[in-house]
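Listed below, chain by chain, are the residues.
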Amino acid sequence: MIRALILGGTADASLLASAIARARVGAVYSYGGRTRAPADQPLPTRIGGFGGANGLANYIRSEGITRVIDATHPFAAEVSRNAVEACAQTGTPLIALERAPWTKAAGDNWIEVADVNAAVAALPESPAKIFLAIGRQHIAPFATKPQHAYTLRFVDPPEAPQPFAAEMIVSRGPFMLDGELEMLRTRGIAWIVARNSGGDGARAKIDAARMLGLPVIMIARPQLPERQRVESVAEIMQWLGHRTCLGA
C-alpha cells in the first residue's frame, strides 16, 4: 500500500495534492512552516521542519512512508538535499516535481548571476528604484547598497523589522501581466531582481519587464544532488501507479 509524503508549499504541490486525493492514494502533505497562513489541502497536513535529513529519515520510518515527492520551491535547496539524503538512508523512492526554469526570450534584458550576493554586486552604484522579487529570507545582503529605493513583495506581513527601509507589498500570487505592468509603472521601478523559479504563477513580472525594457538580474537555481525529476502532476501520478484524468 502506498503512503506518500509530499514536501509541498507550491502551487504545483497543491495541484498534486488534489490529484492524489481524488485518486484516493494514501498521502501526507508537509508545509515547511514559513507561510503563516498556508492554504488548506485535501490531505492530512503537517507544518514545520523535520530536523534535517536524519529527522526526515526518522519520520519516513515512523510514519510508514513508502514514496517521497519533493514538490518544494526550486530554491528550497536545503529541504531538497535533506530529502535526497533521507531517502538514501531509508531506501525510499524519491521523485521531484520541478517546473522548468524560465528561458530568455527576444527582448529580455537579463543579467544572469549565480546567487544573491552576485545579484547585489550586479546592481548599479547610482540610486535606482529596485523591485526585489526574491522572498524575505534573502533580502539582507541588499542592505550593503542602501542608496537604492527598494520595493519588496511578501505573502505574509513581516514579523520583524526589515534590514533596510523599503516599500512593502503583501500579496499572494498568481500575478497577472496587467497588474505587474501597473505595479512597475506606478512605482517607477528601474531594475528587477528575481530568482529563476519557473512556472506561470510568477512569470508575469518577467514578461512585464520585457515589455517595459527593464533589466532583470536573474538568480540561477542552486545546484542539487542527482534525483529523478518530472515537470507535471500527471507524470507523478503515473510514477505512483495511478492513471488519473486531470481535467482541462
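Each remark here, short or long, concerns the structure printed above.
Residues numbered from 1 in each chain as written. Predicted model: local features only at pLDDT ≥ 70, side-chain atom pairs only at ≥ 80, totals over all residues. Heavy atoms only, no water.

Visitor: What should I look at first to understand the layout of surface pockets in this one?
Guide: Empty space among the atoms becomes visible once a probe the size of a water molecule is rolled across them. Space inside the second largest pocket adds up to approximately 180 Å³. What lines the second largest pocket is a set of 13 residues, among which Asp115, Val116, Asn117, His138 and Ile219 lie closest to the centre. When the residues that make up the lining of the second largest pocket are grouped by side-chain class, the tally is 7 nonpolar, 3 polar and 3 charged. (1 Å grid on protein atoms, 1.4 Å probe; cavity = no way out; pocket = protein on both sides within 12 Å on 5 of 7 lines; lining within 4 Å. Points joined across faces, edges and corners; volume = space filled by probe spheres on them. Nonpolar A, V, L, I, M, F, W, Y, C, P; charged D, E, K, R; others polar.)

Visitor: So what exactly am I meant to see when it comes to the sheet that holds strand 3 (residues 45–47) here?
Guide: Strand pairing in a sheet is mediated by backbone hydrogen bonds. Such pairs are either parallel or antiparallel. Taken together, 6 strands build an open sheet; the order of strands is 3-2-1-4-5-12 and the sheet is parallel. Two strands bound the open sheet, and with one partner strand each, they are strand 3 and strand 12 (229–230). The sheet contact formed by strand 1 (residues 3–7) and strand 4 (residues 67–70) spans 4 bridges and is parallel. Its bridge partner being in strand 4, isoleucine 6 is matched across the sheet by isoleucine 69. Set on the sheet, helix 3 (residues 77–90) makes contact with strand 1, strand 4 and strand 5 (94–97); between it and strand 5 the angle comes to about 160°. (Pairing = 2+ DSSP bridges. Helix = DSSP H or I, 4+ residues; strand = E, 2+ residues; numbered from the N terminus. Contact = heavy atoms within 4.5 Å. Axes fitted to C-alpha atoms, helices over the stretch in contact; angles between N-to-C directions.)

Visitor: Help me understand the pattern of salt bridges in this model?
Guide: One pass over the full model with this rule turns up 12 salt bridges. Taking the shortest distance from any N to any O, the salt bridge between arginine 203 and aspartate 207 comes out at 3.3 Å. One salt-bridge network, in which partners are shared between bridges, spans Asp70, Glu98, Arg221, Arg227, Arg229 and Glu231. (Salt bridge = Lys/Arg side-chain N within 4 Å of Asp/Glu carboxyl O.)

Visitor: Got a minute to help me understand the sheet that holds strand 11 (residues 216–219) in this structure?
Guide: Pairing within the open sheet is parallel, and its 6 strands lie in the order 6-11-10-7-8-9. On the outer flanks of this sheet lie strand 6 (110–113) and strand 9 (166–170), each paired with one strand and no other. Strand-to-strand twist in this sheet, taken as the mean axis angle between neighbours without regard to direction, amounts to 20°. Direction of pairing for strand 7 (residues 129–133) relative to strand 10 (residues 191–195): parallel, over a ladder of 4 bridges. The residue bridging isoleucine 130 from the neighbouring strand is tryptophan 191, located in strand 10.

Visitor: What am I meant to see in the packing of aromatic side chains here?
Guide: How two aromatic rings sit relative to each other is set out by the distance from centre to centre and by the angle between their planes. Enumeration over the complete set of coordinates arrives at 4 aromatic pairs. On the basis of an interplanar angle of 45° and a centroid distance of 4.8 Å, the ring pair of tyrosine 150 and phenylalanine 164 is categorised as tilted. Linking tyrosine 150 in strand 8 (residues 149–154) with phenylalanine 164 in the loop between strand 8 and strand 9, this pair joins segments that are 14 residues apart in sequence. Here tyrosine 150 and phenylalanine 164 have matching classes, each one buried. A connected cluster of aromatic rings, assembled from ring pairs, spans Phe142, Tyr150 and Phe164. Above the ring of tryptophan 239, the side-chain terminus of arginine 67 is found at 4.8 Å from the ring centroid. (Phe/Tyr/Trp six-rings, centres within 6.5 Å; stacked < 30°, edge-to-face > 60°. Buried < 20%, exposed > 50% of the residue type's maximum accessible area, 1.4 Å probe, protein only. Lys NZ or Arg CZ within 6 Å of the ring centre and 35° of its normal.)

Read these as spatial facts, not as claims about activity.
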